[in-house]
Amino acid sequence: AQSVSQHNHHVILSEAASLELGCNYSYGGTVNLFWYVQYPGQHLQLLLKYFSGDPLVKGIKGFEAEFIKSKFSFNLRKPSVQWSDTAEYFCAVEPNFGNEKLTFGTGTRLTIIP
Amino acid sequence: GAGVSQTPSNKVTEKGKYVELRCDPISGHTALYWYRQSLGQGPEFLIYFQGTGAADDSGLPNDRFFAVRPEGSVSTLKIQRTERGDSAVYLCASSPDSETQYFGPGTRLLVL
């Protein structure tokens, strides 16, 4: 069975700082990878996803993530955060053979200080 | 267009009672998923429907939990003899292509 680790439980940054949130997964085969975001009071929304091809994927709101297969990692980055990025961020993995089941990490709470 | 909707948004019940949670997927989405999110955790998979049939129910914690999707659209998650440990946010998601899942706002269940 697959698993996902997000080691940063709570990250606090000032506006304009650069962001990197860690995500590592454990699974022996090919995977699809996702980052979801949950803004305060809102439902989970897809930020970006990786299925195949270019390991550097760009998502909405200036976020990007890089899949490093050798490290089983899919870290989320943003060069300059805004106060509106305050939210909870979840990394998720799905085996790439169509079993459809997302396995989520425990999430990282990001707080941006104006 | 309309997203995934879930009703009720909040449900308070007493231990031992039966509850039903409803999910209305995005129109035309053939795949539907239920997840459960406990405080401080990420969502955990419960069950997945492709059309009317449960393609994978391996995440249901025990036989008190059951879900149906009789017409391939709306789904109901049913919990019998609720326990305090069932308190969580129950999330529904739907997908048109089994690639990207779109989540609803969730039902917050509190078992007293």
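Fair warning: this is a prediction, and the values are worked out from it, not measured in the lab.

## Some thoughts on the environment of Gly62 of chain A
- In this structure, Gly62 of chain A sits in the loop between strand E7 (56-58) and strand E8 (64-68).
- Sequence separation of Gly62 of chain A and Phe34 of chain A is 28 residues, and the distance between their C-alpha atoms is 15 Å.

## Comments concerning unusual backbone geometry
- For the bond from Thr7 of chain B to Pro8 of chain B, the omega torsion is -10°, close enough to zero to count as cis.
- Within the secondary structure layout, Pro8 of chain B lies in the loop between strand E1 (5-7) and strand E2 (10-13).
- One non-glycine residue, Phe72 of chain A, lies in the positive phi region at around 50°.
- Looking at the secondary structure, you find Phe72 of chain A in the loop between E8 and strand E9 (73-78).
- For Phe72 of chain A, a relative accessible area of 38% translates into the label partly exposed.
- For Arg81 of chain B, which is not glycine, the phi torsion reads 45° and is therefore positive.

## A word on the nonpolar core
- Counting 29 residues, the largest nonpolar core has Trp35, Leu48, Phe74, Leu76 and Tyr89 of chain A as the members making the most contacts within it.
- For this core, the secondary-structure elements that each account for two or more residues are strand E2 (10-14), strand E3 (19-21), strand E5 (31-38), strand E6 (45-50), E8, E9, strand E10 (87-95) and strand E12 (108-113) of chain A.
- Dropping the residues within four chain positions of it, Tyr89 of chain A is found in contact with Gln6, Leu21, Trp35, Tyr36, Val37, Leu47, Phe63, Leu76, Gly107, Thr108 and Leu110 of chain A.
- Formed by 20 residues, the second largest nonpolar core is a distinct cluster that contains Ile26, Leu46, Phe65 and Leu77 of chain B.

## A closer look at the pairing of strand E3 (residues 19-24) of chain B
Residue and element names in this part refer to chain B.
- Residues Val19, Leu21 and Cys23 line the buried face of E3, whereas the alternating positions Glu20, Arg22 and Asp24 sit on a face that is not buried.
- As defined by bridge partners, E1 adjoins E3 across 3 bridges and the pair is classed as antiparallel. In the sheet register, Gln6 faces E3, and the bridge partner there is Cys23.
- Where E3 lies against strand E8 (residues 75-79), 5 bridges are found, and the strand directions are antiparallel.

## Considering the side chain of Gln6 of chain A
All names here are of chain A.
- Turning to its location among the elements, Gln6 is positioned in the loop between strand E1 (3-5) and E2.
- Polar side-chain contacts of Gln6 include one of 3.0 Å to the backbone oxygen of Tyr89.
- There is a polar contact of 3.1 Å between the side chain of Gln6 and the backbone nitrogen of Gly107.

## Quick look at the interface of chain A and chain B
- Contacts between the two partners involve 17 residues from chain A, matched on the other side by 19 residues from chain B.
- Counting each side, the surface lost to burial between chain A and chain B is near 1500 Å², with a carbon and sulfur contribution of 55%.
- Contact with chain B buries area across many residues of chain A, yet Leu44, Glu100 and Lys101 of chain A alone supply 34% of it, more than any other trio.
- Across the contact surface, chain A and chain B share 1 salt bridge.
- Close ionic contact of Asp56 of chain B with Lys101 of chain A constitutes a salt bridge, the shortest N to O distance being 3.7 Å.
- Put simply, chain A and chain B have 4 residue pairs in polar contact (both at pLDDT 80 or more) between them.
- When contributions to the side of chain A that touches chain B are tallied by element, the ones reaching two or more residues are E5, E6 and E10 of chain A.
- Of the residues belonging to the side of chain A that touches chain B, the class tally is 8 nonpolar, 5 polar and 4 charged.

## Describing the layout of surface pockets
- By volume, the largest pocket is sized at about 680 Å³.
- Around the largest pocket, the lining is made up of 31 residues, and of these Gln38 of chain A together with Gln37, Leu39, Val89 and Arg108 of chain B lie nearest the centre.
- Of all the secondary-structure elements, those providing two or more residues to the lining of the largest pocket are E10 and E12 of chain A together with strand E9 (88-95) and strand E11 (107-111) of chain B.
- The leading source of residues in the lining of the largest pocket is E11 of chain B, at 4 residues.
- For the lining of the largest pocket, the class distribution of residues is 12 nonpolar, 16 polar and 3 charged.
- The computed volume of the second largest pocket comes to approximately 260 Å³.

Conventions adopted
Residues numbered from 1 in each chain as written. Chains lettered and ligands numbered in written order. Predicted model: local features only at pLDDT ≥ 70, side-chain atom pairs only at ≥ 80, totals over all residues. Heavy atoms only, no water. Helix = DSSP H or I, 4+ residues; strand = E, 2+ residues; numbered from the N terminus. Buried < 20%, exposed > 50% of the residue type's maximum accessible area, 1.4 Å probe, protein only. Core = buried A, V, L, I, M, F, W, Y, C linked by side-chain atoms within 4.5 Å. Contact = heavy atoms within 4.5 Å. Pairing = 2+ DSSP bridges. Polar contact = N/O pair within 3.5 Å; in protein donor to acceptor, adjacent residues only side chain to side chain. Buried area = accessible area lost by both parts, 1.4 Å probe. Salt bridge = Lys/Arg side-chain N within 4 Å of Asp/Glu carboxyl O. Nonpolar A, V, L, I, M, F, W, Y, C, P; charged D, E, K, R; others polar. 1 Å grid on protein atoms, 1.4 Å probe; cavity = no way out; pocket = protein on both sides within 12 Å on 5 of 7 lines; lining within 4 Å. Points joined across faces, edges and corners; volume = space filled by probe spheres on them.

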